[in-house]
Amino acid sequence: MNRGKKIVLVSHCVLNQNSVVKPYGRKAEDFKDLLMKLIEENIGIIQLPCPEISLYGLKRWGHVKDQFETPHFRKQSKLMLENILDNIIEYKNNGYEVLGVIGIKGSPSCGISTTCRGDWNGSIGSGGDLGEKLKSLREVSEAGVFMEVLKKSLIEIEVDVDFYDDFEIFMEKL
Ligand code: SF4
């Protein structure tokens, strides 16, 4: 039996860059070191759902965290995580170890150490202050909304794991 009994949760786009907001999108090769390490260490990879593609699709604009801080976004995030959380309980009850969660630095949804904030709202082109609104974009040291929901949900099921958005730091811990 070659079960490593070790699992990591990764943001959806670590395995599928087709989900990221346009015009971004990295090459799959950019994730090669992390993925090769996980394979070498025989670690199971659970791909988290992408909340933004589910809620806003591929034609979405780039957002800031302020726009996702709604009861609906949090509720939908929790719903998307339901099956995964059930699986984690099952793994935990059977002696498997969750090594961590890997997110995406700066994302309003999946950021861990940083996310983006800004006074973004309203109809594009109306009011003439679009430039000012765009200028309000800033990076802050907080997690994205989806990761906040995941963290809280893991605490509720008594799974204590570290969250990473620096792949190197995660790999050093293995
Ligand atoms: S919401 Fe998360 S998973 Fe989806 S593209 Fe953004 S960072 Fe990746």
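Here the structure is a predicted model, which means the values were calculated and not measured. (Residues numbered from 1 in each chain as written. Predicted model: local features only at pLDDT ≥ 70, side-chain atom pairs only at ≥ 80, totals over all residues. Heavy atoms only, no water.)

(A) How the structure looks around the nonpolar core. Grouped together as the largest cluster of nonpolar side chains are 40 residues, with contacts concentrated most on L9, L48, V101, M147, L150, L154 and F170. Elements represented by at least two residues in this core include exactly strand 1 (6-10), helix 1 (12-15), helix 2 (32-40), helix 5 (71-93), strand 3 (97-102), helix 7 (145-156), strand 6 (163-164) and helix 8 (167-173). Per-element tally for this core: the top contributor is helix 7, with 5 residues. Residues contacting V101, with those up to four places away along its chain left out, are L9, L48, M147, L150, L154, V161, D162, F163 and Y164. (Core = buried A, V, L, I, M, F, W, Y, C linked by side-chain atoms within 4.5 Å. Buried < 20%, exposed > 50% of the residue type's maximum accessible area, 1.4 Å probe, protein only. Helix = DSSP H or I, 4+ residues; strand = E, 2+ residues; numbered from the N terminus. Contact = heavy atoms within 4.5 Å.)

(B) A look at the site of the ligand. If you check the shell around the ligand, you find H12, C13, S19, V20, C50, P51, E52, R60, I104, S107, S109 and C110 and nothing else. Contributing elements (two or more residues each) for the shell around the ligand: helix 1 and helix 3 (51-56). Per-class residue counts for the shell around the ligand are 6 nonpolar, 4 polar and 2 charged. (Near = heavy atom within 4 Å. Nonpolar A, V, L, I, M, F, W, Y, C, P; charged D, E, K, R; others polar.)

(C) Fine view of the sheet that holds strand 1. An order of 2-1-3-6 is seen for the 4 strands of this open sheet, with the pairing classed as parallel. Lying at the two open borders of the sheet, with one neighbouring strand each, are strand 2 (44-47) and strand 6. When strand 3 meets strand 6, the two strands line up parallel, connected through 2 bridges. Of the residues in strand 6, the one forming a bridge with I102 is Y164. (Pairing = 2+ DSSP bridges.)

(D) Quick peek at the pattern of salt bridges. Counting across every chain of the model gives 10 salt bridges. When the shortest N-O distance is used, the salt bridge between E156 and K78 registers 2.7 Å. Of the two residues, E156 sits in helix 7 while K78 sits in helix 5, which places them 78 residues apart along the sequence. With a relative accessible area of 32%, K78 lands in the partly exposed category. Among the ionic pairs, K135 bridges to E132, the shortest N-O distance being 3.1 Å. Taken together, the residues K135 and E132, both in helix 6 (residues 130-135) and 3 residues apart, mark about one turn of the helix. (Salt bridge = Lys/Arg side-chain N within 4 Å of Asp/Glu carboxyl O.)

Keep in mind these values describe shape, not function.
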